[in-house]
Amino acid sequence: MLNSYSSADKVLLAVDCIIFGFDNEGLKILLIKRDFEPEKGKWSLIGGFLKKDEVLDDAAIRILNTYTGLNDIYMEQLYAYSEIDRDPVERTISVSYYALINIENHNAELIKNYHAEWFPINDTPSLIFDHNEMLQNAIKRLRYRTSIKPIGFELLPEKFTMRQLLELYEAILSKELDKRNFISKINSLEILNKLDEKDMQSSRKGSYLYTFNKEKYEEKLLNDFVLNL
């Protein structure tokens, strides 16, 4: 058995994270400027290598925390990329994850120290290796998930208006939604708590603020239903 292991090829295993954030300007992706060769000075997804004492999810959590300072981030494993020449230095297989965070909550100083920057998803620079493909696959998955499940609340502040929620969905899906139909479908899920507080900056009368009911939210994510936006 030991001889079988010793004769097997050894390859590196990387974890690349597609980190989505949302602010008043729309949906964004966090990228980092590579500071070593090959492709030094070019933009890259944020990633690292799997350690011997880690499972993949633990590696993704470590990488996300290192670059954002956040814990308990919503993330989902996507695909494995195993093209032989995808990394010119060493044979490397990469497993991608996408993650959702509220831009207001991340550690801006930490991101600055790593020379990372937020880009609108519709205006991203060309990325190294196969990272453009990873990003496009992550966007497709996020849009699909959003169209059928209540997802994305991790991108919003704790208290938000219905308008902010609508704008989030429109930014993710990259299309305009019918406001009345959207509100009706969201309310039918019974995952929002309407507060007595109002956001007085949005209009003269103000807009009611909401929080989401985490228990009901997670229940809806597990149940088999279609939001159909």
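Residues numbered from 1 in each chain as written. Predicted model: local features only at pLDDT ≥ 70, side-chain atom pairs only at ≥ 80, totals over all residues. Heavy atoms only, no water.

Some remarks on the overall build of the protein
Scanning the protein for helices and strands turns up 7 helices and 10 strands. Dimensions of the protein, computed from C-alpha atoms along their principal axes, come out at roughly 70 × 40 × 30 Å. Across the 229 residues in the protein, those meeting the buried criterion constitute 44%. Here the analysis covers contacts within the protein between residues at least 6 apart in sequence; of these, 67% occur between residues at least 24 apart. (Helix = DSSP H or I, 4+ residues; strand = E, 2+ residues; numbered from the N terminus. Buried < 20%, exposed > 50% of the residue type's maximum accessible area, 1.4 Å probe, protein only. Contact = heavy atoms within 4.5 Å.)

A short note on the sheet that holds strand β9 (residues 192-199)
Strands pair in a sheet through their backbones, by hydrogen bonds, and they do so in one of two ways: parallel or antiparallel. With respect to topology, 3 strands assemble into an open sheet ordered β8-β10-β9, the strand pairing being antiparallel. Looking along the sheet, the strands with just one partner apiece sit at the ends: β8 (160-161) and β9. The pairing of β9 with strand β10 (residues 207-212) spans 5 bridges and is classified as antiparallel. If you follow Leu-192 over to β10, its bridge partner there is Phe-212. (Pairing = 2+ DSSP bridges.)

Overview of the UniProt feature "domain: Nudix hydrolase" (unreviewed entry) in the protein
The UniProt feature table records "domain: Nudix hydrolase" (unreviewed entry) at residues 10-142. When the span residues 10-142 is considered, its composition is 23% helix and 38% strand, and the gap between its end C-alpha atoms is 33 Å. (UniProt positions renumbered as here; feature names shortened; annotations may be inferred.)

Quick notes on the nonpolar core
Within the largest apolar cluster, 42 residues are counted, with the highest numbers of intra-cluster contacts made by Ile-18, Phe-20, Tyr-98, Leu-165, Phe-182 and Leu-192. Elements supplying a minimum of two residues to this core: β1 (12-23), β2 (26-33), β5 (74-81), β6 (92-102), α4 (131-148), α5 (162-173) and α6 (179-189). If one sorts the elements of this core by residue count, α5 sits on top with 7 residues. Ranked by size, the runner-up nonpolar core spans 22 residues in total, among them Tyr-67, Ala-99, Ile-101 and Ile-111. (Core = buried A, V, L, I, M, F, W, Y, C linked by side-chain atoms within 4.5 Å.)

A closer look at the packing of aromatic side chains
Counted by the stated rule, this structure contains 7 aromatic pairs. Plain terms: the ring middles of Tyr-67 and Tyr-114 are 4.4 Å apart, the flat faces sit at 50 degrees to each other, and that makes the pair tilted. One end of the pair, Tyr-67, is in helix α2 (residues 56-68); the other, Tyr-114, is in the loop between α3 (108-113) and β7 (116-120), with 47 residues separating them in the sequence. By way of ring pairs, the aromatic residues Phe-20, Tyr-74 and Tyr-98 are connected into one cluster. Against the face of Tyr-208 rests Lys-194, its NZ or CZ located 4.3 Å from the ring centre. Here Lys-198 stacks its cationic end above the ring of Tyr-208, 4.7 Å away from the centre of that ring. (Phe/Tyr/Trp six-rings, centres within 6.5 Å; stacked < 30°, edge-to-face > 60°. Lys NZ or Arg CZ within 6 Å of the ring centre and 35° of its normal.)

Quick look at the environment of Asn-132
Within the element layout of this structure, Asn-132 appears in helix α4. Accessibility expressed as a relative area gives 31% for Asn-132, which makes it partly exposed. Through-space distance from the C-alpha of Asn-132 to that of Ser-44 is 8.9 Å; in sequence the pair is 88 residues apart. Every residue in contact with Asn-132, bar those within four places of it in the chain, is listed here: Pro-125, Ser-126 and Leu-127.

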